[in-house]
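# Per-entry structural report
So the chains spell out like this:
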Amino acid sequence: MRKDAAVADDRPHRARHRTPEPDEVLMSALYREHAGPLLAYVLRLVAGDRQRAEDVVQETLIRAWKNAGSLNRATGSVRPWLVTVARRIVIDNHRSRQARPQEVDPSPLEVMPAEDEIDKALWLMTLSDALDDLSPAHREVLVETYFKGRTVNEAAETLGIPSGTVRSRVFYALRSMKLALEERGVTA
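Residues numbered from 1 in each chain as written. Predicted model: local features only at pLDDT ≥ 70, side-chain atom pairs only at ≥ 80, totals over all residues. Heavy atoms only, no water.

### Quick notes on the pattern of salt bridges
Stated formally: Within this document, salt bridges are pairs made up of a side-chain nitrogen of Lys or Arg and a carboxyl oxygen of Asp or Glu, the two lying within 4 Å of each other. Under the DSSP-based scheme used, a helix requires at least four consecutive residues in state H or I and a strand at least two consecutive residues in state E, with every element numbered from the N terminus. Think of it in three bands: residues with accessible area under 20% of the maximum for their type are buried, residues over 50% are exposed, and the middle band is partly exposed, with areas taken using a 1.4 Å probe on protein chains only.
The final tally for this structure, using the stated rule, is five salt bridges. Where E54 meets R50, a salt bridge forms, and the shortest distance between an N and an O atom there is 3.1 Å. Pair noted here: E54 and R50 are both in helix α4 (residues 50-66), with a separation of four residues, about one helical turn. For E54, a relative accessible area of 38% gives the class partly exposed.

The following block contains the structure:
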(Lines give C-alpha, C1' and ligand atoms only; values in the text may rest on other atoms or scores of the structure.)
Protein backbone atom coordinates (compact mmCIF):
# COMPACT_ATOMS: atom_id res chain seq x y z
CA MET A 1 0.00 0.00 0.00
CA ARG A 2 1.23 3.50 -0.84
CA LYS A 3 2.07 5.82 2.01
CA ASP A 4 -0.32 8.60 0.91
CA ALA A 5 -3.20 6.09 0.63
CA ALA A 6 -2.64 5.06 4.22
CA VAL A 7 -2.68 8.69 5.31
CA ALA A 8 -5.94 9.26 3.44
CA ASP A 9 -7.56 6.38 5.33
CA ASP A 10 -6.61 7.94 8.67
CA ARG A 11 -9.16 10.79 8.12
CA PRO A 12 -12.13 10.77 10.40
CA HIS A 13 -15.19 9.04 8.95
CA ARG A 14 -17.41 12.15 9.04
CA ALA A 15 -14.87 14.16 6.98
CA ARG A 16 -15.45 11.83 4.02
CA HIS A 17 -19.24 12.25 4.16
CA ARG A 18 -20.37 15.82 4.42
CA THR A 19 -23.68 16.64 5.97
CA PRO A 20 -26.19 18.09 3.52
CA GLU A 21 -27.22 21.71 3.80
CA PRO A 22 -30.75 22.46 5.03
CA ASP A 23 -31.73 23.78 1.56
CA GLU A 24 -30.57 20.54 -0.02
CA VAL A 25 -32.64 18.50 2.42
CA LEU A 26 -35.66 20.69 1.70
CA MET A 27 -35.20 20.40 -2.08
CA SER A 28 -34.75 16.64 -1.94
CA ALA A 29 -37.91 16.32 0.12
CA LEU A 30 -39.84 18.67 -2.21
CA TYR A 31 -38.71 16.77 -5.27
CA ARG A 32 -39.43 13.37 -3.75
CA GLU A 33 -42.91 14.34 -2.49
CA HIS A 34 -44.16 16.77 -5.11
CA ALA A 35 -42.33 16.41 -8.46
CA GLY A 36 -44.43 13.46 -9.69
CA PRO A 37 -47.88 14.92 -8.95
CA LEU A 38 -46.73 18.36 -10.11
CA LEU A 39 -45.51 16.91 -13.42
CA ALA A 40 -48.86 15.16 -13.94
CA TYR A 41 -50.71 18.44 -13.25
CA VAL A 42 -48.48 20.49 -15.57
CA LEU A 43 -48.74 17.89 -18.35
CA ARG A 44 -52.48 18.59 -18.48
CA LEU A 45 -51.81 22.34 -18.64
CA VAL A 46 -49.38 22.06 -21.57
CA ALA A 47 -51.46 19.59 -23.59
CA GLY A 48 -49.15 16.63 -22.96
CA ASP A 49 -45.90 18.29 -24.05
CA ARG A 50 -43.55 16.43 -21.72
CA GLN A 51 -40.50 18.59 -22.39
CA ARG A 52 -42.38 21.81 -21.60
CA ALA A 53 -43.92 20.18 -18.51
CA GLU A 54 -40.51 19.11 -17.22
CA ASP A 55 -39.17 22.63 -17.80
CA VAL A 56 -42.09 24.10 -15.85
CA VAL A 57 -41.60 21.66 -12.95
CA GLN A 58 -37.89 22.46 -12.88
CA GLU A 59 -38.57 26.20 -12.87
CA THR A 60 -41.15 25.72 -10.10
CA LEU A 61 -38.69 23.83 -7.93
CA ILE A 62 -36.00 26.47 -8.57
CA ARG A 63 -38.42 29.14 -7.38
CA ALA A 64 -39.20 27.01 -4.33
CA TRP A 65 -35.47 26.77 -3.62
CA LYS A 66 -35.11 30.57 -3.97
CA ASN A 67 -38.00 31.01 -1.51
CA ALA A 68 -36.86 28.24 0.84
CA GLY A 69 -36.91 30.58 3.83
CA SER A 70 -40.59 31.38 3.46
CA LEU A 71 -41.43 27.74 2.67
CA ASN A 72 -39.77 26.57 5.90
CA ARG A 73 -41.94 28.96 7.91
CA ALA A 74 -45.12 27.92 6.11
CA THR A 75 -47.49 25.70 7.96
CA GLY A 76 -49.32 22.94 6.20
CA SER A 77 -48.64 21.57 2.73
CA VAL A 78 -46.40 23.28 0.22
CA ARG A 79 -48.19 21.69 -2.74
CA PRO A 80 -50.79 24.50 -3.22
CA TRP A 81 -47.93 27.01 -3.47
CA LEU A 82 -46.09 24.81 -5.99
CA VAL A 83 -49.24 24.28 -8.09
CA THR A 84 -49.95 28.02 -8.14
CA VAL A 85 -46.38 28.83 -9.18
CA ALA A 86 -46.44 26.14 -11.90
CA ARG A 87 -49.77 27.40 -13.27
CA ARG A 88 -48.45 30.98 -13.38
CA ILE A 89 -45.29 29.85 -15.20
CA VAL A 90 -47.41 28.07 -17.83
CA ILE A 91 -49.61 31.18 -18.24
CA ASP A 92 -46.57 33.47 -18.49
CA ASN A 93 -44.95 31.21 -21.11
CA HIS A 94 -48.16 31.14 -23.14
CA ARG A 95 -48.50 34.93 -22.99
CA SER A 96 -44.88 35.51 -23.98
CA ARG A 97 -45.28 33.23 -27.04
CA GLN A 98 -48.42 35.17 -28.04
CA ALA A 99 -46.73 38.55 -27.57
CA ARG A 100 -43.91 38.01 -30.04
CA PRO A 101 -43.91 36.61 -33.56
CA GLN A 102 -43.19 32.95 -33.99
CA GLU A 103 -39.54 32.22 -34.54
CA VAL A 104 -38.64 30.63 -37.83
CA ASP A 105 -35.68 28.56 -38.77
CA PRO A 106 -33.44 30.50 -41.20
CA SER A 107 -31.93 27.35 -42.74
CA PRO A 108 -34.50 27.06 -45.60
CA LEU A 109 -33.54 30.58 -46.68
CA GLU A 110 -29.89 29.58 -46.89
CA VAL A 111 -30.60 26.84 -49.43
CA MET A 112 -32.90 28.99 -51.58
CA PRO A 113 -31.05 30.22 -54.62
CA ALA A 114 -30.77 33.97 -54.72
CA GLU A 115 -31.67 35.78 -57.90
CA ASP A 116 -28.53 36.28 -59.90
CA GLU A 117 -28.19 40.01 -60.55
CA ILE A 118 -25.42 39.46 -63.08
CA ASP A 119 -27.70 37.46 -65.39
CA LYS A 120 -30.35 40.15 -65.09
CA ALA A 121 -27.83 42.89 -65.89
CA LEU A 122 -26.51 40.96 -68.90
CA TRP A 123 -30.06 40.41 -70.16
CA LEU A 124 -30.83 44.15 -69.85
CA MET A 125 -27.63 45.05 -71.69
CA THR A 126 -28.45 42.60 -74.51
CA LEU A 127 -32.00 43.94 -74.73
CA SER A 128 -30.75 47.52 -74.79
CA ASP A 129 -28.30 46.70 -77.60
CA ALA A 130 -31.03 44.98 -79.59
CA LEU A 131 -33.32 48.00 -79.13
CA ASP A 132 -30.55 50.25 -80.44
CA ASP A 133 -30.53 48.23 -83.69
CA LEU A 134 -34.20 49.11 -84.35
CA SER A 135 -35.30 52.18 -86.22
CA PRO A 136 -36.39 55.09 -84.02
CA ALA A 137 -40.05 54.62 -85.07
CA HIS A 138 -40.02 50.90 -84.17
CA ARG A 139 -38.17 51.56 -80.90
CA GLU A 140 -40.63 54.20 -79.71
CA VAL A 141 -43.72 52.02 -80.35
CA LEU A 142 -42.13 49.13 -78.41
CA VAL A 143 -41.19 51.44 -75.56
CA GLU A 144 -44.72 52.84 -75.40
CA THR A 145 -46.54 49.50 -75.65
CA TYR A 146 -44.26 46.99 -73.89
CA PHE A 147 -42.13 48.98 -71.48
CA LYS A 148 -44.62 51.66 -70.48
CA GLY A 149 -47.58 49.25 -70.67
CA ARG A 150 -49.82 51.43 -72.82
CA THR A 151 -52.53 50.08 -75.09
CA VAL A 152 -52.31 50.54 -78.84
CA ASN A 153 -54.81 53.43 -78.68
CA GLU A 154 -52.94 55.13 -75.82
CA ALA A 155 -49.61 54.75 -77.64
CA ALA A 156 -51.19 56.15 -80.82
CA GLU A 157 -52.46 59.17 -78.91
CA THR A 158 -49.10 59.73 -77.18
CA LEU A 159 -47.11 59.39 -80.42
CA GLY A 160 -49.65 61.32 -82.49
CA ILE A 161 -50.08 58.59 -85.12
CA PRO A 162 -53.05 56.39 -86.10
CA SER A 163 -53.62 53.19 -84.06
CA GLY A 164 -53.30 51.04 -87.23
CA THR A 165 -49.80 52.45 -87.75
CA VAL A 166 -48.90 51.58 -84.14
CA ARG A 167 -50.09 47.98 -84.68
CA SER A 168 -48.10 47.67 -87.89
CA ARG A 169 -44.95 49.15 -86.35
CA VAL A 170 -45.26 46.88 -83.29
CA PHE A 171 -45.54 43.84 -85.57
CA TYR A 172 -42.43 44.74 -87.60
CA ALA A 173 -40.54 45.98 -84.52
CA LEU A 174 -41.07 42.64 -82.77
CA ARG A 175 -39.85 40.78 -85.84
CA SER A 176 -36.75 42.97 -86.00
CA MET A 177 -36.20 42.63 -82.26
CA LYS A 178 -36.38 38.83 -82.51
CA LEU A 179 -33.74 38.83 -85.22
CA ALA A 180 -31.51 41.25 -83.26
CA LEU A 181 -31.73 39.02 -80.17
CA GLU A 182 -31.01 35.86 -82.17
CA GLU A 183 -27.88 37.56 -83.54
CA ARG A 184 -26.78 38.04 -79.93
CA GLY A 185 -27.37 34.37 -79.07
CA VAL A 186 -30.75 34.76 -77.38
CA THR A 187 -33.28 32.18 -78.48
CA ALA A 188 -36.95 31.97 -77.51
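Still more to cover.
### Focus: the packing of helix α10 (residues 152-159) against helix α11 (residues 163-183)
Counted only if it meets this: Helix axes are fitted to C-alpha atoms over the stretch in contact, other axes to C-alpha atoms as well, and angles between N-to-C directions run from 0 to 180 degrees. Roughly parallel means an angle under 35 degrees; roughly antiparallel, over 145; roughly perpendicular, 65 to 115; everything else is oblique. When checking whether two residues touch, look at their non-hydrogen atoms; a contact exists if any pair is within 4.5 Å. When residues are sorted by character, Ala, Val, Leu, Ile, Met, Phe, Trp, Tyr, Cys and Pro go into the nonpolar class, Asp, Glu, Lys and Arg into the charged class, and all the rest, Gly among them, into the polar class.
As a packed pair, α10 and α11 sit with axes 8 Å apart at the nearest point and diverge in direction by 105 degrees. One way to sum up the angle between α10 and α11 is to call them roughly perpendicular. Between α10 and α11, the contacting residues are V152, N153, A155 and A156 on the first element and S163, V166 and R167 on the second. When the residues that make up the contact of α10 with α11 are grouped by side-chain class, the tally is four nonpolar, two polar and one charged.

### What to know about unusual backbone geometry
Unlike most non-glycine residues, A47 shows phi in positive territory, near 60 degrees. With respect to the secondary-structure elements, A47 resides in the loop between α3 (22-45) and α4.

### Details of the nonpolar core
Rules: As used in this record, nonpolar core signifies buried Ala, Val, Leu, Ile, Met, Phe, Trp, Tyr and Cys residues forming a set joined through side-chain atoms within 4.5 Å.
Within the largest apolar cluster, 20 residues are counted, with the highest numbers of intra-cluster contacts made by L30, L38, V42, V56, V57 and L82. If one sorts the elements of this core by residue count, α3 sits on top with seven residues. In this view, V42 contacts A53, V56, V57, A86 and V90; residues no more than four positions away in its chain are not counted. The next biggest cluster of nonpolar side chains, apart from the first, holds 15 residues, and it includes A156, V170, A173 and A180.

### Some details on the side chain of H34
The following threshold applies: Any pair of N or O atoms that falls within 3.5 Å is considered a polar contact. Within protein, one atom must be able to donate a hydrogen and the other to accept it, and sequence-neighbouring residues count only if both atoms are side-chain atoms.
Within the secondary structure, H34 is located in helix α3. Its relative accessible area of 7% is what places H34 among the buried residues. Among the polar contacts made by the side chain of H34, one reaches the side chain of R79 at a distance of 3.1 Å. Leaving out residues up to four positions away in the same chain, H34 has contacts with S77, V78, R79 and L82.

### Quick look at the confidence of the model for the protein
Going by this rule: In predicted models, pLDDT denotes the confidence assigned by the predictor to each residue on a 0 to 100 scale.
For the protein, mean pLDDT is 81; residues scoring 70 or higher make up 80% of the total. Of all helices and strands in the protein, the one with the weakest mean pLDDT is helix α1 (residues 3-9) (48), whereas α10 scores best (94). Segment residues 4-11: pLDDT under 50, and two contacts once partners within four positions in sequence are set aside and those in other chains are kept.

### Observations concerning the packing of aromatic side chains
Stated formally: Each pair of aromatic rings taken from Phe, Tyr and Trp, with Trp reduced to its six-membered ring, is defined by centres within 6.5 Å and is described as stacked if the planes are under 30 degrees apart, edge-to-face if over 60, and tilted in the remaining cases.
According to the stated counting rule, one finds one aromatic pair in the structure shown. Ring geometry for F171 against Y172: centres 5.0 Å apart, planes inclined by 85 degrees, an arrangement best described as edge-to-face. By relative accessible area, which is 40% here, Y172 ends up partly exposed.

### Considering the packing of helix α9 (residues 136-147) against α10
Convention followed: Here a crossing is called left-handed whenever its near helix is offset anticlockwise from the far helix by less than a right angle, and right-handed whenever the offset is clockwise.
Packing of α9 against α10 leaves a shortest axis separation of 9 Å and a crossing angle of 130 degrees. With respect to their mutual orientation, α9 and α10 come out oblique. Helix-helix and strand crossings are classified by hand; for α9 and α10 the assignment is right-handed. For the pair formed by α9 and α10, the contact residues are E140, V141, E144 and T145 on the first element and A155, T158 and L159 on the second. Its residues assigned to classes, the contact of α9 with α10 comprises three nonpolar, two polar and two charged.

### Observations regarding the environment of T165
Position of T165 among the secondary structure elements: in helix α11. T165 gets classed as partly exposed once you look at its relative accessible area, which sits at 28%. C-alpha of T165 to C-alpha of V152: the two residues are 13 residues apart in sequence and 9.5 Å apart in space.

### Section: the side chain of E144
Along the chain, E144 falls in helix α9. Under the relative-accessibility criterion, E144 is labelled buried at 7%. Within the structure, the side chain of E144 is placed 3.3 Å from the side chain of K148, a separation counted as a polar contact. Residues within four places of E144 in sequence aside, it is in contact with G149, R150, A155, T158 and L159.

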